[in-house]
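Next come the chains, spelled out residue by residue.
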Amino acid sequence: MEPAPMTAPRRDAPHTPAESALLAHLGRALGSEGLRASALSRATYRRDASFLNADPLAIALPATRDELAVVLRACRDHQVPFTPRAAGTGLAGGATPTGVGGVRPLVVSVARMDRLLELDVVNRRAHVEPGMVNARLGRAVAAKGLRFAPDPASQIAATLGGNVATNAGGIHVLTYGVMSQHVLAVELMDTDGEIHLLDGRLPEQTGLDLRGLSVGGEGTLGIVVGAWLRLLPAPPAIGTLLAGFDTLEAAAATVGALVTSDRLPDAVELMDARAIALVEDYAQAGYPTDAAAVLLLEYEGLAAGVSAGVDTAARLAGEHGATEVVRAADADQRARIWKGRKAVAGAIAQQAPDFFLQDVVVPRSRLGEMLDAVVAIGEREGLIILNVVHAGDGNLHPFVLFDRREEGVLDRVFAAGHDIVTTALALDGTVTGEHGVGIEKRDFLSQVYTADDLAVQQAVRRAMEPSGLANPDKVLPTTVGCQEARMVPEGAWV
Amino acid sequence: MSTSTAPPAELAPVVDAFAAAAAGQRRLVIRGGGSVLDRLPPTDAEVVSTAELTGVIDHRPEDLVVTVRGGTPLQELAALLATHGQECPIEPLAGHGSTVGGRVAAALAGPRQLQAGRVRDWVLRVRMVTGDARVVTAGGVTVKDVTGYDLCRLAAGSWGSLGLLAEITLKLRPIPTQSAWFTTHLPAGRILSTLYRPAAVVSTPTGTFVHLEEHPDDVAAQATVAGLEPAAAPRWPTAARAAVDPARLREVTALAASAGLDHTAFEGVGVCLVDGDADAIATFGDRVVRLGGHLLHLDAGAHGGPARATTTDAMGERVRAALDPHRILLDPRESR
Ligand SMILES: Cc1cc2nc3c(=O)[nH]c(=O)nc-3n(C[C@H](O)[C@H](O)[C@H](O)COP(=O)(O)OP(=O)(O)OC[C@H]3O[C@@H](n4cnc5c(N)ncnc54)[C@H](O)[C@@H]3O)c2cc1C
Ligand SMILES: Cc1cc2nc3c(=O)[nH]c(=O)nc-3n(C[C@H](O)[C@H](O)[C@H](O)COP(=O)(O)OP(=O)(O)OC[C@H]3O[C@@H](n4cnc5c(N)ncnc54)[C@H](O)[C@@H]3O)c2cc1C
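Treat the numbers as computed from the prediction; the structure is a model and nothing was measured.

S.K.: How should the interface of chain A and chain B be read in this particular structure?
M.R.: Note: interface size is frequently given as the accessible area lost on complex formation between the parts. Of the residues lining the interface, 88 residues belong to chain A; the matching set on chain B comes to 76 residues. Regarding the contact of chain A and chain B, the summed buried area is about 6700 Å², with carbon and sulfur atoms giving 57% of it. Considering only the surface of chain A that becomes buried against chain B, Pro203(A), Glu204(A) and Leu208(A) emerge as the three largest contributors, covering 12% of it. At the surface where chain A touches chain B, the tally comes to seven salt bridges. In this structure, Asp452(A) engages Arg134(B) in a salt bridge whose closest nitrogen and oxygen atoms are separated by 3.5 Å. If you look at where chain A meets chain B, you find 28 residue pairs in polar contact (both at pLDDT 80 or more). When residues of the side of chain A that touches chain B are traced back to their parent elements, those giving at least two are helix 6 (173-176), strand 8 (183-189), strand 9 (195-199), helix 7 (210-214), strand 11 (232-233), helix 10 (303-319), helix 15 (445-448) and helix 16 (451-464) of chain A. Element by element, the count of residues in the side of chain A that touches chain B is highest for helix 16 of chain A, at 10 residues. Here the residues of the side of chain A that touches chain B are counted per class, giving 41 nonpolar, 31 polar and 16 charged.

Right under this line is the structure:
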């Protein structure tokens, strides 16, 4: 996040003739349930789970594909940009209705399109609408002995459409891969209201993998109106292990040893002392409170492989100086171990008025260096930073805690965030592993990619979405600079 | 950062060749090992070979990633990785002199795709020379990266139609502790629903073959549960390959059998390989298309048309034009 100066939002600005015409048309087509334009509604949709916020023109909430087509065609006809939105748990400002050149976009929410269209148990796949919540699909398929692998920590709120649009990660990425690996086909609607089936169900394609391109499009390539998702059989055996360490280095070194052992764990999460203290207070997960770091490890699959994996992990942790190693004896104990990890955001919300969550990735072998750097950055800026890490993937999520009433604190928060990103880049890492670019990371892209790289990205974007109306100021750096986004929400902090 | 370094000098000849082709309105076809290209109908496009672009650039065993030049033979890469107990499970089961770039560009599905996933899911970063002679990088050397659009997946299966894959970074994994083929008379459907995530299930007219890659005790236990007998790896026909929605594979296999074709199916993947009379293959291909699939002829002499039916897809054409605006690069499946 760049602490660039922002202009004040245009609140209750008068509508242009095009905007008035659009709103009148949509009001007739969608009714009061499908179009909201009051100041209160607009305030609710100012932001996602990031810092950024801006005033939208209005919010369209179509209930069907046909209604959505009406909305998108109206945007096209009146040349009004739009911001796709689902649950709004995004952390990069992707669903924040910033616009280009002072034009307020229409927020287009798919939240009402939330049906499970088909569950094909034999062929292990599901056809879903974009507004369906991730965990709801998980519950529906568990009853059939199946599982949907992508499990972002936000899965009780985030939607599958949002997961597709951000190419979400989760806890089991190490062996199961990111969202894209579980998306068989995407139905993408363009501004003519036409649906493109980007089909990856065939094992070999006749054309290009536009499905893969659309996953992670962050709302800039059109609106995902449906997806075919791959399901897997539930694993017959699961082994979970908790290991405590005296130093961060020892925990990081254990991760390195695990990744090069003869069987990859399916999940490797790391939490540092501050994270441990916070969640133990809140969730009593049974983590050793005197440890500098804990590792949460999981092996899934057939019994012998799982138990061999857990044995190897216990041995490697011991060899790297683990002070405590606990194997989950049953499902209850396993759930308790994971409860701590899943409670991080809740615990933070209870203890610190505000937090800023970063998302960077480094090669796994640089994890120790990166963790040291985060600690140093926190000390230098006088900020409390706690580390929750998808360690097996080298994906760090430093949480910077603060109280925005403290004067000048935001400058330090942004400086810390900025330095965390540049440190990751210097270690051969990258600026975002799973939360996306949105608007927050957009200006870092010119540090990652050359002008030619970005020109090709821009050309591909235009080829996919020629109207230029879909989330126009997101993902790729523009010359316009910072639009009407504000770093700090005014009024209530929800 | 590795991504924004200057393009290596070794790519200058490719850049020059692409620029010259655009200026002279000539068409080019990229050639890796030729293992697939040589089985497609001949073209009069000028060949750009990756034979000079070989070798491993950076192997980081501790990060489970490797970066290689596009022309590196797959077998050379596999041999290097094996010395570290690692693999990238996209190699063909038998060597055909094919290259890493050709493997990613053609993205043919092997039977191991059932468990290991698609070629595109193992590609972390590519550096390519696009049709408009730009050297462009996408992705990174970390296993997770959502920085910008996913051009790596776009490059996988692009058949040389977007650019030349000069460098490819692949994700690796440890070689499974045990790996063995078995055979059974049970139908493939039963095997798929009985066993937990087998590495591959291949059905042939003589029986079902099962590939297990697990801890030795689990391999033994699974073999007992399903009554599997140890076997050699199956061999399969190579004249043509049908790709269908895996849900319709059984219908396709039945079509191949009734047409009197030798056939082998990669279960759960959706590939049916066939061999036999050329006319029968052509008729079979038409029926596969009616089932929503397509057929790729891999027998240059046997048929008169292009290696696959041409499809029109406006969005795909626009994306292709974004990388190759002068249309200098040929997808060899479309030739004739
Ligand atoms: C506590 C917490 C934990 C989190 N943990 C994780 C995690 O472990 N892994 C992870 O990857 N992320 C995580 N996230 C981030 C977030 O949950 C994901 O990015 C999620 O995929 C967003 O889904 P959403 O439904 O909330 O989408 P939104 O926030 O509404 O939108 C996200 C982006 O997708 C676009 N979009 C939404 N719907 C559509 C659509 N139908 N068509 C086109 N574009 C669309 C939006 O324009 C925006 O750019 C976490 C967030 C929080 C708050
Ligand atoms: C009959 C037969 C069956 C096969 N079946 C399987 C199978 O079932 N599973 C399996 O895993 N493998 C299979 N293979 C292996 C396959 O040959 C290779 O995996 C690979 O696809 C071809 O690599 P190549 O270097 O020979 O490519 P080539 O034959 O030279 O080229 C293939 C395509 O890729 C393009 N291309 C080549 N190199 C590049 C590059 N660097 N950049 C951009 N485009 C490039 C070419 O233009 C062409 O379109 C089979 C091979 C044969 C001959």
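S.K.: Looking at this structure, I do not really get the domain arrangement of chain B. What am I missing?
M.R.: All names here are of chain B. The domain architecture assigned to chain B consists of domain 1 (2-174 + 314-323) and domain 2 (178-309). Each partner contributes residues to the interface: domain 1 has 16 residues there, and domain 2 has 28 residues. Around 1600 Å² of area is buried between domain 1 and domain 2 when both sides are counted, 64% of it from carbon and sulfur atoms. Area buried by domain 1 at its contact with domain 2 is led by Arg39, Leu114 and Gln115, which between them contribute 40% of it. Where domain 1 touches domain 2, the interface holds two salt bridges. The partner of Glu213 in a salt bridge is Arg173, with the nearest N and O atoms 3.3 Å apart. Where domain 1 packs against domain 2, one counts six residue pairs in polar contact (both at pLDDT 80 or more).

S.K.: Got a minute to help me understand the site of ligand 1 in this structure?
M.R.: Residues and elements named next belong to chain A. In the vicinity of ligand 1 there are 34 residues, among which Pro84, Thr89, Gly90, Ser154 and Thr159 approach most closely. Take Thr159: an N or O atom from its side chain is 2.8 Å from an oxygen atom of ligand 1. Glu218 has a polar backbone atom sitting 3.1 Å from an oxygen atom of ligand 1. Residue assignment for the shell around ligand 1 shows that the elements contributing at least two residues are strand 3 (82-85), helix 5 (160-166) and strand 10 (223-230). The element contributing the most residues to the shell around ligand 1 is helix 5, with four residues.

S.K.: I keep staring at the site of ligand 2 and nothing clicks. Help me out?
M.R.: Residue and element names in this part refer to chain B. By nearness alone, 30 residues border ligand 2, and Ile30, Gly33, Ser35, Thr99 and Arg103 come closest of all. Take Trp159: an N or O atom from its main chain is 3.2 Å from an oxygen atom of ligand 2. Within the backbone of Leu165, an N or O atom sits 2.8 Å from a nitrogen atom of ligand 2. Summarising the interface, the protein chains cover 98% of the accessible area of ligand 2, which totals 960 Å² for the free molecule. Taken together, the elements giving at least two residues each to the shell around ligand 2 come down to strand 1 (28-31), helix 3 (100-106) and strand 8 (163-171).

Definitions and cut-offs
- Residues numbered from 1 in each chain as written.
- Chains lettered and ligands numbered in written order.
- Predicted model: local features only at pLDDT ≥ 70, side-chain atom pairs only at ≥ 80, totals over all residues.
- Heavy atoms only, no water.
- Contact = heavy atoms within 4.5 Å.
- Buried area = accessible area lost by both parts, 1.4 Å probe.
- Salt bridge = Lys/Arg side-chain N within 4 Å of Asp/Glu carboxyl O.
- Polar contact = N/O pair within 3.5 Å; in protein donor to acceptor, adjacent residues only side chain to side chain.
- Helix = DSSP H or I, 4+ residues; strand = E, 2+ residues; numbered from the N terminus.
- Nonpolar A, V, L, I, M, F, W, Y, C, P; charged D, E, K, R; others polar.
- Domains from an automatic or database assignment.
- Near = heavy atom within 4 Å.
- Areas by Shrake-Rupley, 256 points an atom, 1.4 Å probe, with all protein chains shown as cover.

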